[in-house]
Amino acid sequence: MVAQKDMEDDMGQYVINGDVVDLQGEKPTAADLKRETGCPPEDWVMATMPGGEVQKLSDTQPLPKDADFSIVPPFTYGG
Amino acid sequence: MAADHSPAGRRKARLKAEAGLLAPRYTGISFDQMDGAWLHVPRFPLPPGWSKQEVEILIDIPYGNPGYPAVAPQWFWTDLDLRTSGGKPINHFFSSASSHTSGEYLQKGWGHFCVHVSEWHPASDRRIAEGHTLQSYLNLIATIFRDRRTLARR
């Protein structure tokens, strides 16, 4: 299994990085997701949008609908 | 046999523990039991948009002092002939010799992705899952492969 959201239903259940995560509230944010997973707080929540664009979400951003998610250490591209 | 408390011994013990945690997700995973300098994933699935459905991944494990896990992996290797599904080469991917790359690895069919982890906070060996691990790094690799708009060379 790779880092991705495999499932999302009306109950706010997500699979992030291969693990199922339940999120409460109408508009859970990236910070909510990080708190729930217990990842290091500086980690990034990355959303892959339906069109294929990958976005880094700020902590206060609601999780966009129909996106795939992963949580990763902060990084930069080199070269 | 007495435990090896040298830096290399501790690194190899950590790799063994992490490989055990990764094994259920990544079939056939192995690591360098001699020096603790690499971890190999023989079948890493790719999302749509690439010339292959899966690739091999070789992660260079920092083996200096300090080494892994205090220091994050600095780069990873994958199939040298990987392209986008449109047959294009890839940004931030090196398939020829450079100051960063190992000629030996290139000859063995590996290309090198240049991605730098900027923050890395591993937990102690007794609480591995509470900090960054090689699973964190593999999650990053998976995310990179999803970022085709950045990687597709214009």
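Overview of the structure.

What counts as what
- Residues numbered from 1 in each chain as written.
- Chains lettered and ligands numbered in written order.
- Predicted model: local features only at pLDDT ≥ 70, side-chain atom pairs only at ≥ 80, totals over all residues.
- Heavy atoms only, no water.
- Pairing = 2+ DSSP bridges.
- Helix = DSSP H or I, 4+ residues; strand = E, 2+ residues; numbered from the N terminus.
- Contact = heavy atoms within 4.5 Å.
- Axes fitted to C-alpha atoms, helices over the stretch in contact; angles between N-to-C directions.

### Section: the sheet that holds strand β1 (residues 30–31) of chain B
Residue and element names in this part refer to chain B.
Part 1 of the reasoning: The six strands lie next to each other as β1-β2-β3-β4-β6-β5, forming an open sheet whose pairing is antiparallel. Unpaired on one side and paired on the other, β1 and β5 (93–94) mark the two borders of the sheet.
Part 2 of the reasoning: In the sheet, strand β2 (residues 38–45) pairs with strand β3 (residues 54–60) via six bridges, with the strands oriented antiparallel. Bridge pairing links His40 to Leu58 in β3.
Part 3 of the reasoning: Across the face of the sheet, helix α3 (residues 134–146) comes into contact with β2, β3, β4 (76–79) and β6 (110–113) while running at roughly 135° to β3.

### Things to note about the sheet that holds strand β4 (residues 54–57) of chain A
Part 1 of the reasoning: If you walk across this open sheet you meet the three strands as β4-β3-β5 (chain A), and the pairing is antiparallel. Looking along the sheet, the strands with just one partner apiece sit at the ends: β4 and β5 (68–72) of chain A. For this sheet, the mean angle separating the axes of adjacent strands, direction not counted, is 30°.
Part 2 of the reasoning: Relative to β5(A), strand β3 (residues 44–48) of chain A is paired through five bridges, and the arrangement is antiparallel. What sits directly across from Met46(A), in β5(A), is Ser70(A).
Part 3 of the reasoning: Helix α1 (residues 30–37) of chain A rests against β3, β4 and β5 of chain A of the sheet, and its axis sits at about 120° to β3(A).
Part 4 of the reasoning: Across the sheet, α3(B) lies against β3, β4 and β5 of chain A, angled at about 135° from β5(A), the strand it touches most.

Without other data, these values stay purely geometric and don't point to any function.
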